Amino acid sequence: MSEPFTPHPYQMKGLEIMKQASLGLFLDPGLGKTSTWLAAFTTLKELGFVDKMLVVAPLKPMYDTWPKEIEKWAEFEHLTWCFLHGPDKDWHLENTDADVYLINPEGLQWLTSKCEPNTLADVLCVDESTKFKNAQSKRFKAMKHFWPKFLYRWIGTGTPAPKGLMDLFAQMYILDGGNALGGYITHYRNKWFHTQPWDEYTYIPNDNAYEEITDAIAPLVLVMEAEDYLDMPELQVVDKYVTLPPKALNLYKELEKEFVATVPDTTSVLVAPSVAAAGEKCRQIANGAVYTEVSARSKAHEFEVIHDEKLDMLDELLEEIGEHPVLVVYEFQHDLSRITRRHLDWPCLTGMTGEVLQHMTSKFNDGKIPRLLIQSSQAHGLNIQSGAHHMIWYGLTWNWEDYKQMVDRLYRQGQCSNMVMVYRILADATLDIDIAKRLKEKYETETDIKRRAKQRREKLEPQGL
């Protein structure tokens, strides 16, 4: 049964500012981006300013979060919606008259081949806009052709700059076509970044970049962090270290140095054609297994088991945690294979969508599933904070956005515990240690960007911007 929608004070602030034709909501997960967008759209629709909205979102929030929010609140339940995804998308595009059309980023090229998107809707809402942070990507180029034709353009994410200032250009372009940061990515780079003579591909912000870029985007964005508005639980990160056995460590060092190594006690030879490939295989070795070749017949990735140190640490942690539900995050497919061989009854959320996903997350939230597995990139759109307050990272990801989004599945509004425990299993003397340091640096960079943009916005608001 639907509930009356009563916006939080911070949502009211967002609704007031969303009178702008273009606005980015940089809100932490749990602060209600979806309901804020729906409230703004409903108000504009009732006033006769707009008629329909096109929502571009990753699959999980598209299938799960948006329909649930529409059905949850009495003020939105009159809205009709449909998916422009799957085998029936052509039929729905031709025959379904909806208030809200939901499509994933990969579907934009199909949509633009079928119609002018602005003939379908007059409001464009890009949920998790960092999916468009690469200005050279096909999805951004598809968006670039039709964004100006919408009356209102909204974007939103909790991680606007997962890799730093370079991630902001394309997202801001969707809002204003380059008025704030320039019309081309090359101009943006030339104005605020520089490279080193020995590395022309790494763009380093100039000394004035943070201040000038955040000043430029401040009128376009609203930054809100959960800690400022909600009574959040304490977040405790605990690193648990394992030591690689001598044979595994020797293999790791040999591959790291020579790019070629033979797996002990086997005939498998590991070959890494580049530094990046060597690093990837070293990360796999740290987790306990490594891919060796692709079977010509099955096309399945085959791997060799190197050690069980992380598996044993995982079991030790679970014994300490006891009966409390735990979300276990893995990185590689062979991580999943080895964990599920040892724990046959653990379900995995990776790849689930729609009703299957809703059923599984509901069972986890109700305490009927004590252990749940998920791949590190699959966090978007999951609501599992009422089922667990323990998370274990079997292997870390380099990707700050994926890492933060996953942690925020538990560390968010609606968490029933006063403390969220995040355990990270790290192999000592390996890239695991470097990844942990890099994640901390990315957190500090993004926090600084959001803080500066928020402060600048607060200075502008008295002027009516």
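Quantities reported herein were computed from a predicted structural model and do not represent experimental measurements.

Criteria and cut-off values
Along each chain, residue indices are assigned from 1 in the same order as the chain's sequence is written. Restriction of local features to residues with pLDDT of at least 70 applies here, the model being predicted, together with a cutoff of 80 or more for giving and counting side-chain atom pairs; totals for whole chains, interfaces and linings are based on all residues. Side-chain metrics in this entry use all non-hydrogen atoms of the structure; hydrogen atoms and water are not considered. Only DSSP runs of H or I reaching four residues or more are called helices, and only runs of E reaching two or more are called strands; each is numbered from the N terminus. We call a residue buried when its accessible area falls under 20% of the maximum for its residue type, exposed when it is over 50%, and partly exposed in between, using a 1.4 Å probe and counting protein chains only. Method for areas: the Shrake-Rupley scheme with a 1.4 Å probe, in which residue coverage is limited to the protein chains shown. Note on charges: Lys and Arg go in the positive column, Asp and Glu in the negative column, and His and the chain ends are not counted at all. To locate a charge, the coordinates of NZ of Lys, CZ of Arg, CG of Asp or CD of Glu are taken. Any two strands with at least two DSSP bridges between them are considered paired. Looking down the strands as they point away from the viewer, one classifies a crossover as right-handed if the path from the first strand across the helix to the second runs clockwise. For this document, the term salt bridge refers to a Lys or Arg side-chain nitrogen within 4 Å of an Asp or Glu carboxyl oxygen. Only C-alpha atoms enter the line fits that serve as axes; for helices the fit covers just the stretch in contact. Angles between N-to-C directions range over 0 to 180 degrees. We define the nonpolar core as a collection of buried residues of types Ala, Val, Leu, Ile, Met, Phe, Trp, Tyr and Cys that are connected through side-chain atoms lying within 4.5 Å of one another. Contact criterion: two residues are considered in contact whenever any of their non-hydrogen atoms come within 4.5 Å of each other. Pairing of aromatic rings covers Phe, Tyr and Trp, the last counted by its six-membered ring, and requires centre-to-centre distances within 6.5 Å; plane angles under 30 degrees mean stacked, over 60 mean edge-to-face, and any other angle means tilted. Two thresholds decide whether a charge sits over a ring: the Lys NZ or Arg CZ must be within 6 Å of the ring centre and within 35 degrees of the ring normal. Cavities and pockets are found on a 1 Å grid laid over the protein atoms alone: a cavity is a set of points where a 1.4 Å probe fits but cannot escape, a pocket is an open set with protein on both sides within 12 Å along at least five of seven lines, and a lining residue has an atom within 4 Å of such a point. Grid points are joined across faces, edges and corners, and a volume is the space filled by probe spheres set on the points. Under the convention adopted here, Pro, Cys and the residues Ala, Val, Leu, Ile, Met, Phe, Trp and Tyr are nonpolar, Asp, Glu, Lys and Arg are charged, and Gly plus all remaining residues are polar.

## Here we look at the overall build of the chain
Stage number 1. Scanning the chain from N- to C-terminus turns up 18 helices and 18 strands.
Stage number 2. Its C-alpha atoms give the chain principal-axis dimensions of about 70 × 60 × 45 Å.
Stage number 3. Across the 465 residues of the chain, 55% fall into the buried class.
Stage number 4. Within the structure as shown, the chain displays about 20,900 Å² of accessible surface, and the carbon and sulfur contribution to it stands at 49%.
Stage number 5. Treating the 51 positive side-chain charges of the chain as one cloud and the 67 negative ones as another, the clouds have centres 4 Å apart.

## Some details on the pairing of strand 4 (residues 100-103)
Stage number 1. Side chains Val100 and Leu102 project from strand 4 onto one buried face, and the interleaved Tyr101 and Ile103 project onto a second face that is buried too.
Stage number 2. Here strand 2 (residues 53-56) runs beside strand 4; their pairing, made up of four bridges, is parallel. Paired with Leu54 across the two strands is Tyr101, which belongs to strand 4.
Stage number 3. Bridge analysis of strand 3 (residues 81-83) against strand 4 gives three bridges, and the strand direction is parallel. Looking at strand 4, one finds that Cys82 is bridged to Tyr101.
Stage number 4. Taking the sense of rotation as the criterion, the β-α-β connection linking strand 3, helix 4 (residues 89-95) and strand 4 turns out right-handed.

## Overview of the pairing of strand 17 (residues 390-393)
Stage number 1. Burial of strand 17 is two-sided: the residues His390 and Ile392 facing one way and the residues Met391 and Trp393 facing the other way are all buried.
Stage number 2. Where strand 15 (residues 326-330) and strand 17 come together, four bridges link them in parallel fashion. Looking at the pairing, Val329 lines up with Trp393 of strand 17.
Stage number 3. Relative to strand 18 (residues 419-427), strand 17 is paired through four bridges, and the arrangement is parallel. The partner of Met391 across the bridge, within strand 18, is Val422.
Stage number 4. Running through helix 17 (residues 400-407), the crossover from strand 17 to the neighbouring parallel element strand 18 is right-handed.

## Remarks on the pattern of salt bridges
Stage number 1. Enumeration over the complete set of coordinates arrives at 25 salt bridges.
Stage number 2. Its salt-bridge partner being Lys404, residue Asp408 comes within 2.6 Å of it at the nearest N-O pair.
Stage number 3. Accessibility expressed as a relative area gives 6% for Asp408, which makes it buried.
Stage number 4. A salt bridge links Glu444 to Lys440; the nearest nitrogen and oxygen atoms lie 2.7 Å apart.

## A word on the sheet that holds strand 18
Stage number 1. Across the sheet, which stays open at both edges, the five strands sit in the order 10-18-17-15-16 with parallel pairing between neighbours. Among the strands making up the open sheet, the edge pair consists of strand 10 (234-242) and strand 16 (371-375). Averaged over neighbouring strand pairs, the angle between their axes works out to 20 degrees when direction is ignored.
Stage number 2. Direction of pairing for strand 15 relative to strand 16: parallel, over a ladder of five bridges.

## A word on the sheet that holds strand 3
Stage number 1. Here we have seven strands laid out as an open sheet, ordered 3-4-2-5-6-1-9, and parallel in their pairing. Of all strands in the sheet, those with a lone pairing partner are strand 3 and strand 9 (221-224), marking the two edges. Ignoring which end each strand starts from, the neighbouring axes of this sheet average 15 degrees apart.
Stage number 2. Sheet topology places strand 1 (residues 22-27) next to strand 6 (residues 152-156); four bridges connect them, and they run parallel. Residue pairing in the sheet places Leu23 in a bridge with Trp154 of strand 6.

## Considerations on the nonpolar core
Stage number 1. Counting 67 residues, the largest nonpolar core has Met53, Trp66, Trp154, Met391 and Trp393 as the members making the most contacts within it.
Stage number 2. Counting residues per element, this core draws most heavily on helix 2 (residues 33-46), at six residues.
Stage number 3. Here Met53 is in contact with Leu38, Phe41, Trp66, Asp99, Val100, Tyr101, Ala121, Val123, Cys125 and Trp154, once residues within four sequence places are set aside.
Stage number 4. Grouped together as the second largest cluster of nonpolar side chains are 48 residues, Phe26, Trp110, Leu168 and Ile217 included.

## Here's the deal with the packing of aromatic side chains
Here the distance between the centres and the angle between the planes together describe a pair of aromatic rings.
Stage number 1. Across all of its chains, the model carries 17 aromatic pairs by this definition.
Stage number 2. On the numbers, 6.0 Å between centres and 45 degrees between planes, the contact of Phe169 with Tyr173 is tilted. In this pair, Phe169 and Tyr173 are both assigned in helix 8 (residues 168-176), four residues apart and thus about one turn of the helix distant. For the pair formed by Phe169 and Tyr173, the shared burial category is buried.
Stage number 3. Here a set of aromatic residues connected by ring pairs shows up, and it is made of Phe140, Trp147, Phe169, Tyr173, Tyr188, Trp192 and Phe193.
Stage number 4. Directly above the aromatic system of Trp110 lies the positively charged group of Lys89, at a separation of 4.9 Å from the ring centroid.

## Considerations on the layout of surface pockets
Stage number 1. The calculated volume of the largest pocket comes to roughly 770 Å³.
Stage number 2. Residue lining of the largest pocket: 33 residues in total, with Gly30, Thr65, Glu69, Asn383 and Arg412 positioned closest to the centre.
Stage number 3. Counting only elements with at least two residues in the lining of the largest pocket, the list comes to helix 1 (9-17), helix 2, helix 3 (59-72) and helix 16 (354-365).
Stage number 4. Split into classes, the residues belonging to the lining of the largest pocket amount to six nonpolar, 18 polar and nine charged.

## Brief notes about empty space enclosed by the protein
Stage number 1. Evaluation of the coordinates by the stated rule reveals one cavity of 30 Å³ or more.
Stage number 2. Here the largest cavity is characterised by a volume of approximately 30 Å³.
Stage number 3. Lining the largest cavity are Lys133, Pro162, Lys163, Asn399, Trp400, Glu401 and Lys442.
Stage number 4. Broken down by class, the residue content of the lining of the largest cavity amounts to two nonpolar, one polar and four charged.

## A few points about the environment of Ala209
Stage number 1. Positionally, Ala209 belongs in helix 10 (residues 209-217).
Stage number 2. You can call Ala209 buried: its relative accessible area is 0%.
Stage number 3. Apart from the residues within four sequence positions on either side, Ala209 is in contact with Leu165, Trp192 and Thr214.

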